[in-house]
Structures are given as structure tokens and as C-alpha cells.
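This is what each chain is made of:
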Amino acid sequence: GKEYYLKKATRKLLKDTGITGEITRFIYIDRSSQDEMVVEKSGNGWNVVTSSFVTTGKDGGGSYATPYGVFLVAYSKPVMQYTGSDNKTVVGDAKNAVRISGGGYMHSIPSLFEPKATRNARKAATAKKIGTYPESHKCVRHYDDQIEYIVKWINADSQKKEKENTIPAEPVVVVVL
């Protein structure tokens, strides 16, 4: 017979999520329609909390498609900064960032700091494209007011903090289809 060799895993063991009960809060992101629906269980049924257009990641040119899969919200923070091509210098930011397992974020309209004079106009131009086609570098972009609402829903009454990060009191699962 043939012999098979398994390559030793280089990943560390996954952290225990600590989830012991039924999950009742989900965010569904549909890459094909650039659309999102937030739902929660109420009694024996499910309610749509909110739905909106989004912009997911494109593949190529230094960008990555938003990965398909099932992820857990790790935390949210008021502002996510991002670096330029040198991967060191902070060149822009986005408000209301939600980190999901799998390495991506959900966040508001991002923009480069410079040139300052055109920042609002550039943010408005990016906002007009939400819900049209994949354009981000991996993250899921939202209208500013939509992600602000979702962050409040995710955090609810959470008192769990790590520096500027808020960890949800209840697990929230993000499904990217």
C-alpha cells in the first residue's frame, strides 16, 4: 500500500469561544448582492433588526475578497486606523470598526487623511458606491449611520472592555455567503 504523510500544522490551537448556550444574534452578508441583514431570535421566531447595502472586498491588486464563512464578532472599537503601502505609516481611518474572526472588519466609510480639503467629498463618493460592487481591501464597508447602529446592537449592555475595544456580552455570529 501507499504511505501518506500529514504535514504538521503550523497554526496554534483555536481559542475556546466560551459559548455554552444557543446563539441568538446573527449578521448575514451576501457578497453576490452586496447586501446585509441583521437578525435576532425573539421567543420562537426571528426578527430582522436592520438590513442595508454594504461593500465587500475585491480580489486582486493588493486587495482580498471578503472571505466566505462563519465568523464570530471578537470586539468593536470606535476607530480603526489603517496603514499605507509601507505597512507602517497610518494614512487613514474608519469609524465604528467591528473585528470578526477570520481577520476582517466591518466598518464605516474609510478615507485617507490627506488631502484634508477633499476628505469629506471623497467619503461621499465612496458612500455612493455602497451596495454596487466589491471594492474594499477585505473589509465590509457600511454607511456611517448603519454601522453605528449595528455597533450599539452588538455591544448592547456590554461592560467587557479591553483598552478601547468592547467585547460583546452575547455572541454575535457573522455569516458571509
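Residues numbered from 1 in each chain as written. Predicted model: local features only at pLDDT ≥ 70, side-chain atom pairs only at ≥ 80, totals over all residues. Heavy atoms only, no water.

Engineer: Which parts of the structure should I look at to understand helix H2 (residues 144-155)?
Structural biologist: Because an α-helix completes one turn every 3.6 residues, residues spaced three or four positions apart along the sequence face the same direction. Here H2 contains 12 residues, and its C-alpha end-to-end distance of 17 Å stays within 8% of the 16 Å for a straight helix at 1.5 Å per residue. Restricting attention to buried positions, one finds in H2 the residues Gln 146, Ile 147, Ile 150, Val 151, Trp 153, Ile 154 and Asn 155. Ala 156 sits one or two residues past H2 and shows a positive phi near 40°. (Helix = DSSP H or I, 4+ residues; strand = E, 2+ residues; numbered from the N terminus. Expected span 1.5 Å × (residues − 1). Buried < 20%, exposed > 50% of the residue type's maximum accessible area, 1.4 Å probe, protein only.)

Engineer: Would you take a moment to explain the pattern of salt bridges for this structure?
Structural biologist: In a structure, side chains of opposite charge can pair up when their charged atoms sit close to one another. Taken as a whole and assessed by the stated rule, the structure comprises 8 salt bridges. Between Arg 119 and Asp 93 there is a salt bridge, and its shortest N-O distance comes to 2.4 Å. Of this pair, Arg 119 sits in helix H1 (residues 119-128) while Asp 93 sits in strand E5 (residues 90-100), placing them 26 residues apart in sequence. Arg 141 is the partner of Glu 135 in a salt bridge, and the nearest nitrogen-oxygen pair spans 2.9 Å. (Salt bridge = Lys/Arg side-chain N within 4 Å of Asp/Glu carboxyl O.)

Engineer: Mind showing me how you'd approach unusual backbone geometry here?
Structural biologist: The general pattern is negative phi for most residues beyond glycine and trans for most peptide bonds. Cis geometry is found at the peptide bond from Glu 114 to Pro 115, where omega equals -5°. Residue position: Pro 115 is located in the loop between strand E7 (111-112) and H1. Notably, Gln 34 is not glycine yet its phi reads approximately 55°, a positive angle. In this structure, Gln 34 sits in the loop between strand E1 (25-30) and strand E2 (35-42). Its identity as a non-glycine residue notwithstanding, Ala 156 has a phi of 40°, on the positive side.

Engineer: It is not clear to me how the nonpolar core should be interpreted in this structure. Could you clarify?
Structural biologist: Across soluble globular proteins, nonpolar side chains have a tendency to be buried as a group. Counting 19 residues, the largest nonpolar core has Ile 27, Ile 29, Val 98, Met 106, Ile 154 and Val 174 as its most contacted members. Those elements that place two or more of their residues in this core are E1, strand E4 (69-83), E5, H2 and strand E11 (173-176). A total of 5 residues in this core trace back to one element, the largest contributor, which is H2. In this structure Ile 29 touches Asp 35, Glu 36, Val 54, Thr 56, Met 106, Val 140, Val 174, Val 175, Val 176 and Leu 177, once residues within four positions along its chain are discounted. Counting residues in hydrophobic clusters, the runner-up holds 7 residues, among them Tyr 75, Ala 94, Cys 139 and Ile 167. (Core = buried A, V, L, I, M, F, W, Y, C linked by side-chain atoms within 4.5 Å. Contact = heavy atoms within 4.5 Å.)

Engineer: Quick question: what am I supposed to make of the packing of aromatic side chains here?
Structural biologist: How two aromatic rings sit relative to each other is given by the distance of their centres and the angle of their planes. The final tally for this structure, using the stated rule, is 2 aromatic pairs. Pairing Phe 26 with Tyr 28 gives two aromatic rings, centres 5.9 Å apart and planes at 15°, and the pair type is stacked. On the basis of relative accessible area, Phe 26 is assigned to the buried category, the value being 16%. Judged by relative accessible area, Tyr 28 falls into the partly exposed class, the value being 28%. (Phe/Tyr/Trp six-rings, centres within 6.5 Å; stacked < 30°, edge-to-face > 60°.)

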